[in-house]
Amino acid sequence: MRAVVQNDKNRAYGVTWVRGGIAVLAVAAIASGCAQFGGPPVRPAPGQEPPLHAPPARALDSYATKLRSAYIARAAAARHWDLARVPLTAPAPPVKKPKIRARKGFEVDDQEELNLPPVFTTVPTKQKVVFLTIDDGAEKDPAFLRMMSDLKIPYTAFLSNFLIKDDYAYFRRMQSEGVTLNNHTLTHPYLPALSYREQKHEICGMQTIMRKQFGRRPTLFRPPFGNYNQDTLMAARSCGIKYAPIWDEEVFVDHWEYREDDRDLHPGDIVLTHFRGRDEWNGTMVDDMRRFLDRVTAEGYAVARLEDYL
């Protein structure tokens, strides 16, 4: 049995928004150009039938208008929240979900034989997307909720009861915005030091709290500190957990930390941060999200919803 232990700004605005605006306007041009392209209609050769006239491309034009409106709203939100660039929009979720397996070296004994929840740090995809995950629930910053709602940035929360029980309503507001709330144990202990029974109490007890407070028992669980052993995954499986995502990068308000030697982002990476504020960090959650979004956008990544790929 093994325990796996983890451990010039205005110019930028102008360039990004102009390029994004051109892209959106190009869609609009395609939508309306077929009906509005100049010049008289071409007459048929003698003896041929008159040309058929396609109906106006109203559906496409409406779609282009929605894209343009969404971009304008996101650009305005980016200015309001002082971002260097407008965040990119994630592509549509894959119709065929990728197969999720335990990361090599992160398996426990009898991982596949016992059908245990896989521990993984990256989702297999070639799309330039990353997944934002936020742990524990200590800081309850209303400005953070407004920012993420304004920008339409998806994220996944992993909650510990001892940190959220003083304000379940804050996380219900988060849930109402489409955020999935997941299991991070009752008290955030170092799980490998506990017996199977004690680990089951921490994980399954949190499942009960999640059902009572938020209406559902989650299928995602993150072990505190990224520490786990076979008992952890067996206990998690026993109360309905299917996946145990951890992370490949961690973002703080003033720096990033990396699991890989190249110290870079990769398609499908899971990024971790925490519900923290000025009491523990030299900044707010809004500052933290600004650092995260500016970095991923500058590198051409969009933020996608983790659950859409599972």
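Position numbers for residues start from 1 in each chain and track the written sequence from start to end. Given that the model is predicted, a residue must reach a pLDDT of at least 70 before its local features are reported, and side-chain atom pairs must reach 80 or more before they are shown or counted; all residues, however, enter totals for whole chains, interfaces and linings. Water and hydrogen atoms play no part in the side-chain values, which are based on all heavy atoms of the structure.

### Notes on the packing of aromatic side chains
- We call Phe, Tyr and Trp rings a pair once their centres come within 6.5 Å, taking the six-membered ring for Trp, and we label the pair stacked below 30 degrees between planes, edge-to-face above 60, and tilted otherwise. As enumerated under the stated definition, the model contains 10 aromatic pairs in all.
- Summarising the aromatic geometry, the rings of Tyr168 and Phe214 are spaced 6.1 Å apart at their centres and angled 80° between planes, so their arrangement reads as edge-to-face. Residue Tyr168 is found in helix H5 (residues 168–176), and its partner Phe214 is found in helix H6 (residues 196–214); the two are separated by 46 residues along the sequence.
- Summarising the aromatic geometry, the rings of Trp256 and Tyr258 are spaced 6.3 Å apart at their centres and angled 15° between planes, so their arrangement reads as stacked.
- Burial classes: relative accessible area under 20% of the type maximum marks a residue as buried, over 50% as exposed, and values in between as partly exposed (1.4 Å probe, protein chains only). Owing to a relative accessible area of 8%, Trp256 belongs among the buried residues under this scheme.
- Taken together, the ring pairs connect Phe144, Tyr155, Tyr170, Phe171 and Phe275 into an aromatic cluster.
- Here the basic side chain of Lys128 rests over the ring of Tyr301, its NZ or CZ set 4.6 Å away from the ring centre.
- Both a distance and an angle decide whether a charge sits over a ring: NZ of Lys or CZ of Arg must be within 6 Å of the ring centre and within 35 degrees of the ring normal. Over the aromatic face of Trp256 sits the side chain of Arg295, whose NZ or CZ is 4.9 Å from the ring centroid. In this description a helix means any DSSP run of H or I spanning at least four residues, a strand means any run of E spanning at least two, and both kinds are numbered starting from the N terminus.

### Quick look at the pairing of strand E8 (residues 270–274)
- With respect to burial, E8 is a largely interior element, 5 of its 5 residues being buried.
- The side-chain alternation of E8 yields two buried faces, one formed by Ile270, Leu272 and His274 and the other by Val271 and Thr273.
- Any two strands with at least two DSSP-identified bridges between them are counted as paired. Of the pairings in the sheet, the one linking strand E2 (residues 129–136) to E8 comprises 5 bridges and is parallel in character. Residue pairing for E8: Phe131 is matched across the bridge by Ile270.
- Pairing analysis gives 2 bridges linking strand E6 (residues 249–251) to E8, with the strands arranged parallel.

### Considering the state of the cysteines
- Pairs of cysteine sulfur atoms within 2.5 Å are what we label disulfides. In this structure the tally under the stated criterion is 1 disulfide.
- The disulfide bridge from Cys204 ends at Cys239, spanning 2.3 Å between sulfur atoms. Measuring the twist about the S-S bond at about -85°, one finds the Cys204-Cys239 disulfide to be left-handed. Separated by 35 residues along the polypeptide, Cys204 in helix H6 and Cys239 in the loop between helix H7 (230–238) and strand E5 (244–245) bring together distant segments of the chain. A single burial state applies to Cys204 and to Cys239, both of which are buried.

### Quick look at the nonpolar core
- We define the nonpolar core as a collection of buried residues of types Ala, Val, Leu, Ile, Met, Phe, Trp, Tyr and Cys that are connected through side-chain atoms lying within 4.5 Å of one another. Counting 44 residues, the largest nonpolar core has Phe144, Met174 and Phe292 as the members making the most contacts within it.
- The set of elements that each furnish at least two residues to this core consists of helix H2 (58–80), E2, helix H3 (142–151), strand E3 (156–159), H5, H6 and helix H8 (285–298).
- In this description, contact between two residues means that some pair of their heavy atoms is separated by no more than 4.5 Å. Apart from residues no more than four positions distant in its own chain, Phe292 is found in contact with Val130, Leu132, Val251, Trp256, Val271 and Val303.
- Core analysis: the next-biggest nonpolar cluster, separate from the first, contains 22 residues, Phe106, Val129, Ile246 and Trp247 among them.

### Considerations on the confidence of the model for the protein
- The score called pLDDT rates the predictor's confidence residue by residue, from a low of 0 to a high of 100. Per-chain confidence: the protein averages 87 in pLDDT, with 82% of residues scoring 70 or above.
- Below a pLDDT of 50 lies the segment residues 1–52, which in the model reaches 72 contacts outside its immediate sequence neighbourhood of four places, other chains included.

### A closer look at the pattern of salt bridges
- One side-chain nitrogen of Lys or Arg within 4 Å of one carboxyl oxygen of Asp or Glu is enough to make a salt bridge. Per the counting criterion, the structure on display carries 11 salt bridges.
- Close ionic contact of Arg276 with Asp136 constitutes a salt bridge, the shortest N to O distance being 2.6 Å. Pair noted here: Arg276 is in the loop between E8 and H8 and Asp136 is in strand E2, with a separation of 140 residues, a long-range link.
- Note on Asp136: relative accessible area 2%, which makes it buried.

### Section: the pairing of E3
- Judged by which residues are buried, E3 turns out to be covered on both faces: Thr156 and Phe158 on one side and Ala157 and Leu159 on the other are all buried.
- Here E2 runs beside E3; their pairing, made up of 4 bridges, is parallel. Residue pairing across strands places Thr133 opposite Thr156, the latter belonging to E3.
- Consider the strands pointing away from the viewer: the crossover is right-handed when the path from the first strand over the helix to the second runs clockwise. Handedness of the crossover joining E2 and E3 through H3: right-handed.

### Regarding H8
- An ideal rise of 1.5 Å per residue puts 20 Å on 14 residues; H8 measures up with 20 Å between its terminal C-alpha atoms.
- With 11 of 14 residues buried, H8 is to be regarded as a mostly interior element.
- Of all the residues in H8, the buried ones are Met285, Val286, Asp288, Met289, Arg290, Phe292, Leu293, Asp294, Arg295, Val296 and Thr297.
- The inward-facing, buried residues of H8 abut E2, H3, E6, strand E7 (256–258), E8 and strand E9 (302–304).
- We define a polar contact as two N or O atoms separated by no more than 3.5 Å, with the added condition that, inside protein, one atom must be a possible hydrogen donor and the other a possible acceptor, whereas residues neighbouring each other in sequence contribute only through side-chain atom pairs. The N-terminus of H8 is capped by Thr284, whose side-chain oxygen sits 3.3 Å from the backbone nitrogen of Val286. The span expected for a helix works out to 1.5 Å for each residue beyond the first.

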